[in-house]
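Commentary on secondary and tertiary structure
Letter by letter, the chains look like this.
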Amino acid sequence: MSENQNLLAEQRRTLILDEVRRRGGVRVNELTRRLGVSDMTVRRDLDALARQGVLEKVHGGAVPVVEASTHEPGFEAKSGLELSAKEDIARAAAELVPPGAAIALSGGTTTFALAHRLTDVPDLTVVTNSVRVADVFHAAQRSAGSRQGAATVVLTGGVRTPSDSLVGPVADQAIAVLHFDLLFLGVHGISVEAGLSTPNLAEAETNRRLVQSARRVIVVADHTKWGTVGLSSFASLEQVDTLVTDAGLSAEARAEVSDHLRRLVVAGEPEQPDRSEDDRAEDSDA
């Protein structure tokens, strides 16, 4: 972390959280020195992060929260995390959507950010199990009136989760008879061993249906999701075509991703050439 008195609160808190996760804990006096801000500012930042449930305050500093694999934060708790990364990811992911495509957006705060970027793409058909995502498109339609080329939005039914996704048999049946050109999938966790995972069993099943109905699966996930494992896996990395992430993803993680996925898009960085299936097969046989 570099000293900068002009860092925005969001940037400071992202740096603090990354440091807590990387080192397993930090002290207030270390943060004030490295960030170049007052003791009171750091304590306010720690209070805000503690309210979001992403770290635990201890005497003189903070430590990571060790979450159970069944813990599912609500939408509001997640919406304040990694805001800059999510905006960068949304911007990069939006460039993958051609006019007239049939796309699906799962629930999540990153797909919510992406939805805002897609309201001006003409003639989209958008299927989503996210109440928040549907609201973005509906609000855009109300503000623009009967604009030609506005997205057609299909919201599945289902039971609402803490992240405002609709899941369960009703959602599963609706998705099963549909076919998407692209699926943009937000995830709770992603790893080589567990693939894509979530703490919610019903959401895992609905996500499986989304994956099965898509010609191409694009995961949108910031770097903090790498290495996180939820209770239930719903797809392997080999079922994912593209991962769109942010520059915070480590070199080691990038290498692992490249071994399993055809395409890695790091927002704000030049894209590396796609790896063919033959290349990956040769690596696995070596």
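Just above sits the structure.
Residues numbered from 1 in each chain as written. Predicted model: local features only at pLDDT ≥ 70, side-chain atom pairs only at ≥ 80, totals over all residues. Heavy atoms only, no water.

1. Description of the overall build of the protein chain
The number of helices and strands found in the protein chain is 11 helices and 15 strands. Sorting the 286 residues of the protein chain into buried and exposed places 49% on the buried side. A total of about 13500 Å² of accessible surface is found on the protein chain, and carbon and sulfur atoms cover 49% of it. (Helix = DSSP H or I, 4+ residues; strand = E, 2+ residues; numbered from the N terminus. Buried < 20%, exposed > 50% of the residue type's maximum accessible area, 1.4 Å probe, protein only. Areas by Shrake-Rupley, 256 points an atom, 1.4 Å probe, with all protein chains shown as cover.)

2. Regarding the packing of helix α6 (residues 109-118) against helix α7 (residues 131-144)
At a minimum axis distance of 9 Å, the contact between α6 and α7 shows a crossing angle of 15°. When the interaxial angle is binned, α6 and α7 end up roughly parallel. Two packed elements cross with a definite hand, and for α6 against α7 that hand is right-handed. Residues Thr111, Phe112, Ala115, His116 and Leu118 of α6 lie in contact with α7, whose contacting residues are Arg132, Val133, Val136 and Phe137. Taken together, the residues that form the contact of α6 with α7 break down as six nonpolar, two polar and one charged. (Axes fitted to C-alpha atoms, helices over the stretch in contact; angles between N-to-C directions. Parallel < 35°, antiparallel > 145°, perpendicular 65-115°, else oblique. Left-handed = near helix turned anticlockwise from the far one by under 90°. Contact = heavy atoms within 4.5 Å. Nonpolar A, V, L, I, M, F, W, Y, C, P; charged D, E, K, R; others polar.)

3. A few points about the nonpolar core
Ile103, Leu105, Leu118, Leu124, Phe137, Phe184 and Val244 are the most contacted members of the largest nonpolar core, which has 30 residues in total. Sorting the residues of this core by element identifies α5 (83-94), β4 (102-105), α6, α7, β9 (180-185) and β12 (214-220) as the ones contributing at least two each. Not counting chain neighbours up to four residues away, the residues in contact with Leu118 comprise Ala94, Val97, Ile103, Leu105, Leu124 and Phe137. If you look at the next biggest cluster of nonpolar residues, it comprises 28 residues, including Phe180, Leu183, Ile190 and Val217. (Core = buried A, V, L, I, M, F, W, Y, C linked by side-chain atoms within 4.5 Å.)

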